[in-house]
Amino acid sequence: MFFWQILLNSLVLGTQVLLLAVPLYLVHSVCRIYHLALGASGIFTAYALYFALSSSWPLDFAIIFAIIIAIILGLISYRLLDSSVRKKETMPGMLISLAFGIILESLMSIIFGTDAKSLVNGVLPVISWGDLHITVPGIITLAAGIVLALIFLVLINKTPWGRKLTSVSENDNLAASLGIKASSVRLGTFIIAGLLAGFVGIMTTLNTALVPTAGFPLVILAFIVLLIGGLSSLKGVIIAAYTLTLIPEFIISYSGNNWSLGDSWKMLIVFILAALILMWRPNGLFISQTRSD
Amino acid sequence: MKKLKNMFKIVYLMPLLLVLVLAGCSRQATNNNASTQMKTIKLGFVMPMSGDAAAYGEQVQRVVDYYLPIINERYKDKNIKFEAVYEDGKCTGNDAVSAMQKLTDIDGVKFIVGGICSSETLAMAPLSKDGHVLILTPGSSNIAIEGASPYLFSFSYRDDVIGNKIAAESSQYKSVAIISEQNDYNVGLRKNWLEGMKNYPDTKIVADETFPKGATDFRSILEKVRKANPDVIFLNPNAGATAEDLIKQLAEMKDWNNYKLFGQFSYTSPEALKAAPTKSEGMIIVDAPSVNNPELLALKKDIENMKGSLADWGTYYTAATIDTLNIATSLIVELGNDPQAVRQALVTREFNGYIGNNINFKNSSFTSTGTNVSVYVVKNGVAELQK
């Protein structure tokens, strides 16, 4: 039973990472930029929800407010990064995104303080099957992760929107000559990324605690997942997200007696794994062939 | 005509003369004021005013805001006034060092009260070694404070005393587990508890788990501890949200109840106990001795009525804060704003206070009174002192 419980806990953590890796993947696919502000953007949305709930707003208004904030953050990201995207300046784009993330984190610390907050007071509701148990936010995260991963797999591979996205990502000038407005595709991508990041921000902090810095470790994990999964393969991102969370969780959970590894080892194991995989496959595990510029 | 001119001169000159006379009087009055002007001495305070442990900083500030005017009233005749300058140590070493440097370099402070977290105090200690500033902490308990600097003294109890007591209490069971946060206070307490457990070989330590500062998800750690099936779980997180989250996530595991919970200072807070009231019921908490001096209790009640709750800071630390203020200010008034002279007095004299009547630092950086601890049991959401 211990194995299954650790698996369940790890799947929730893996899904949180996946839900942030998917928007990171989308933005990178379309804009060739690592949008590292997505972690802070997600947590900012969670703080917006916290603000609305603690101001005694009705739940539906609070959710609408959080969605509006997520969209606004998507729009701001688009405005900040579009110039770098058009000039194909990958590194400055990443730095602008990182700076935006740090600004968001600092704003959260200044406005709400650095102490942890709870979106829900008291013990979270739990669903149990025999000895197995999972929190309600945990199961929502798990379900949403599976559903969204499937939706995006279908959307990208089987729909006109996916084909537009792929064409813009491969050659936006050629796409423009075919009547595809690259800027609209990019704007849509940033908004979808903002909404997904907001969702994962809320779900992650609902399951644990709300702190301004919660987004950074998550986005770093999602970034590593993106590198390992292969920058052009959503399937690879999905597999890498679960691999990179399950392996450290199981190593730590099964370590014991004189060789018990604490939770502090988690990131160390992740980085060792990432280094080993990238040494073996520098372009990631699931790289697909594309026509080069 | 000449007489008229003279009269005009007198009329013009009289006001001028009057102005000069008044100016002279005024100058004399100013000089008199200068001779009776208050001498202001700044006391620096480094404590967590943001972050998870902010509640403690806020409560120390309430005590100081209430009590410093009383001290100033006491020394009014000596024309000495103490002024508090607060800086946020954020319960971290780096921030405490920045706060201390600001206090000493910009504000010219020579006496610092704080830090509250051991991480703050231990980081500031090396900077005081040259004697340009004296640090008096009312709340840091890590035994590494002992000898860390000749200009650092703690009015708190020591962690080894707490660690040994928790070890003694948990030795009544066959197997124990500990879950600790990785910061100076909790690492120090864990180390002392492990040392204490060596005296009880019949009690087996079946799990010794740690998690990094700032962690929010403890579910896998708790599963690991559950697998070890201990009779006792000693929760050793830092105060604030981490302590609350840890017990909340433990409470999510509703079918696991065959253990006794032990806690430390972090679980004396009503907020921490409220986070998972059912789980915390019956928890055994070992902490600083409860101070039952009626005068202190009346003072604490007044502070709470006027400034706000001191529930997290408790009686011992409120007493320690007031004693720190009383002893520091009395020595400064007597010996001047001189850290070295005050240090010399601290290591040679004995003082009376609310935490005890023989407070001295003759042989230790810790107060001689910090050797007793109390055991509390949580009943109806409140940590009740066990006699």
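Residues numbered from 1 in each chain as written. Chains lettered and ligands numbered in written order. Predicted model: local features only at pLDDT ≥ 70, side-chain atom pairs only at ≥ 80, totals over all residues.

### What to know about the sheet that holds strand E11 (residues 374-379) of chain B
Residue and element names in this part refer to chain B.
Working step 1: Overall, mixed pairing links the seven strands, which are arranged E7-E6-E8-E9-E10-E11-E12 in an open sheet. Each of the sheet's edge strands pairs with one partner strand only, and the pair in question is strand E7 (204-212) and strand E12 (382-385). Averaged over all pairs of adjacent strands, the angle between their axes in this sheet comes to 25°, without regard to strand direction.
Working step 2: Across the sheet, helix H6 (residues 184-197) touches strand E6 (175-182), E7 and strand E8 (232-236), and the angle it forms with E6 is around 160°. (Pairing = 2+ DSSP bridges. Helix = DSSP H or I, 4+ residues; strand = E, 2+ residues; numbered from the N terminus. Axes fitted to C-alpha atoms, helices over the stretch in contact; angles between N-to-C directions. Contact = placed C-beta atoms within 7 Å.)

### What about the sheet that holds strand E5 (residues 152-154) of chain B?
Residues and elements named next belong to chain B.
Working step 1: Taken together, the five strands give an open sheet; going across it, the order is E2-E1-E3-E4-E5, and neighbouring strands pair in parallel fashion. The outermost strands of the open sheet, each flanked by one partner alone, are strand E2 (80-88) and E5. Strand-to-strand twist in this sheet, taken as the mean axis angle between neighbours without regard to direction, amounts to 25°.
Working step 2: Inspection of the sheet shows strand E1 (residues 39-47) paired to E2 by nine bridges, in the parallel sense. From the neighbouring strand, Lys42 faces E2, where its bridge partner is Glu83.
Working step 3: Relative to the sheet, helix H3 (residues 93-106) contacts E1, E2 and strand E3 (111-114), its axis offset from that of E2 by approximately 145°.

### Re the interface of chain A and chain B
Working step 1: Taken together, the 26 residues of chain A in the interface contact 30 residues of chain B.
Working step 2: Counting only elements with at least two residues in the side of chain A that touches chain B, the list comes to helix H1 (2-31), strand E2 (132-135) and helix H10 (234-254) of chain A.
Working step 3: It is H1(A) that provides the largest number of residues to the side of chain A that touches chain B, a total of four residues.
Working step 4: For the side of chain A that touches chain B, the per-class residue count stands at ten nonpolar, twelve polar and four charged. (Nonpolar A, V, L, I, M, F, W, Y, C, P; charged D, E, K, R; others polar.)

### Looking at the packing of helix H2 (residues 38-54) of chain A against helix H3 (residues 59-86) of chain A
All names here are of chain A.
Working step 1: Where H2 meets H3, the axes come as close as 8 Å, and the angle between the chain directions of the two elements is 150°. Viewed along their axes, H2 and H3 adopt a mutual orientation that is roughly antiparallel. Both H2 and H3 take part in a crossing whose hand is right-handed. Residues Ser41, Phe44, Thr45, Ala48, Leu49, Ala52 and Leu53 of H2 form the contact with H3, whose own contacting residues are Phe61, Ala62, Phe65, Ala66, Ile69, Ala70 and Leu73.
Working step 2: Grouping the amino acids of the contact of H2 with H3 by side-chain chemistry returns twelve nonpolar, two polar and no charged. (Parallel < 35°, antiparallel > 145°, perpendicular 65-115°, else oblique. Left-handed = near helix turned anticlockwise from the far one by under 90°.)

### Some details on the nonpolar core
All names here are of chain B.
Working step 1: Ile112 and Phe234 are the most contacted members of the largest nonpolar core, which totals 108 residues.
Working step 2: Split by domain, this core shows at least three residues from each of two domains, domain 1 (39-157 + 291-370) and domain 2 (160-287).
Working step 3: Ignoring sequence-local partners within four residues, the contact set of Phe234 consists of Ile166, Ser170, Val176, Ile178, Trp193 and Phe262. (Core = buried A, V, L, I, M, F, W, Y, C linked by C-beta atoms within 7 Å. Buried ≥ 20, exposed ≤ 12 C-beta atoms within 10 Å, placed from the backbone. Domains from an automatic or database assignment.)

### Looking at unusual backbone geometry
Residue and element names in this part refer to chain B.
Working step 1: Each neighbour pair has its own omega, and for Gly114 with Gly115 the value is -10°, a cis peptide bond.
Working step 2: Examined against the element boundaries, Gly115 turns out to sit in the loop between E3 and helix H4 (118-124).
Working step 3: Notably, Asn79 is not glycine yet its phi reads approximately 60°, a positive angle.
Working step 4: Examined against the element boundaries, Asn79 turns out to sit in the loop between helix H2 (54-74) and E2.
Working step 5: Classification of Asn79 by C-beta neighbours within 10 Å gives exposed; the count is 12.

### Observations concerning helix H7 (residues 219-228) of chain B
Working step 1: Buried residues dominate H7(B), accounting for eight of its ten residues.
Working step 2: Those residues of H7(B) not exposed but buried are B:Arg219, B:Ser220, B:Ile221, B:Leu222, B:Glu223, B:Lys224, B:Val225 and B:Arg226.
Working step 3: Where H7(B) is buried, its residues meet H1 and H10 of chain A together with E6, E7, E8 and helix H8 (241-251) of chain B.

### Examining the pairing of E11(B)
All names here are of chain B.
Working step 1: Examined bridge by bridge, strand E10 (residues 284-287) and E11 share four bridges and lie antiparallel to one another. Residue Val286 lies in a different strand from E11, and its bridge partner there is Val375.
Working step 2: Both E11 and E12 contribute to a ladder of four bridges, which runs antiparallel. Pairing of Lys379 across the sheet is with Val382, part of E12.
Working step 3: The turn joining E11 and E12, which pair antiparallel and follow one another in sequence, is formed by two residues; a positive phi near 50° is taken by Asn380.

### Remarks on the environment of B:Val85
Working step 1: On the secondary structure map, B:Val85 appears in strand E2.
Working step 2: Setting aside chain neighbours within four positions, we find B:Val85 in contact with B:Lys42, B:Gly44, B:Phe45, B:Leu103, B:Asp107 and B:Val109.

### Some remarks on the domain arrangement of chain B
All names here are of chain B.
Working step 1: If you check the domain split of chain B, you get domain 1 (39-157 + 291-370) and domain 2 (160-287).
Working step 2: Inter-centroid distance (C-alpha atoms) of domain 1 to domain 2 is 29 Å.
Working step 3: Listed by partner, the interface residues are 17 residues for domain 1 and 16 residues for domain 2.
Working step 4: The set of elements that each furnish at least two residues to the side of domain 1 that touches domain 2 consists of H2 and H4.
Working step 5: Among the elements that line the side of domain 1 that touches domain 2, the one with the most residues is H4, at three residues.

### Things to note about the environment of A:Val136
Working step 1: Mapped onto the elements, A:Val136 comes out in helix H5 (residues 136-158).
Working step 2: For the pair A:Val136 and A:Trp265, spaced 129 residues apart in sequence, the C-alpha separation works out to 27 Å.

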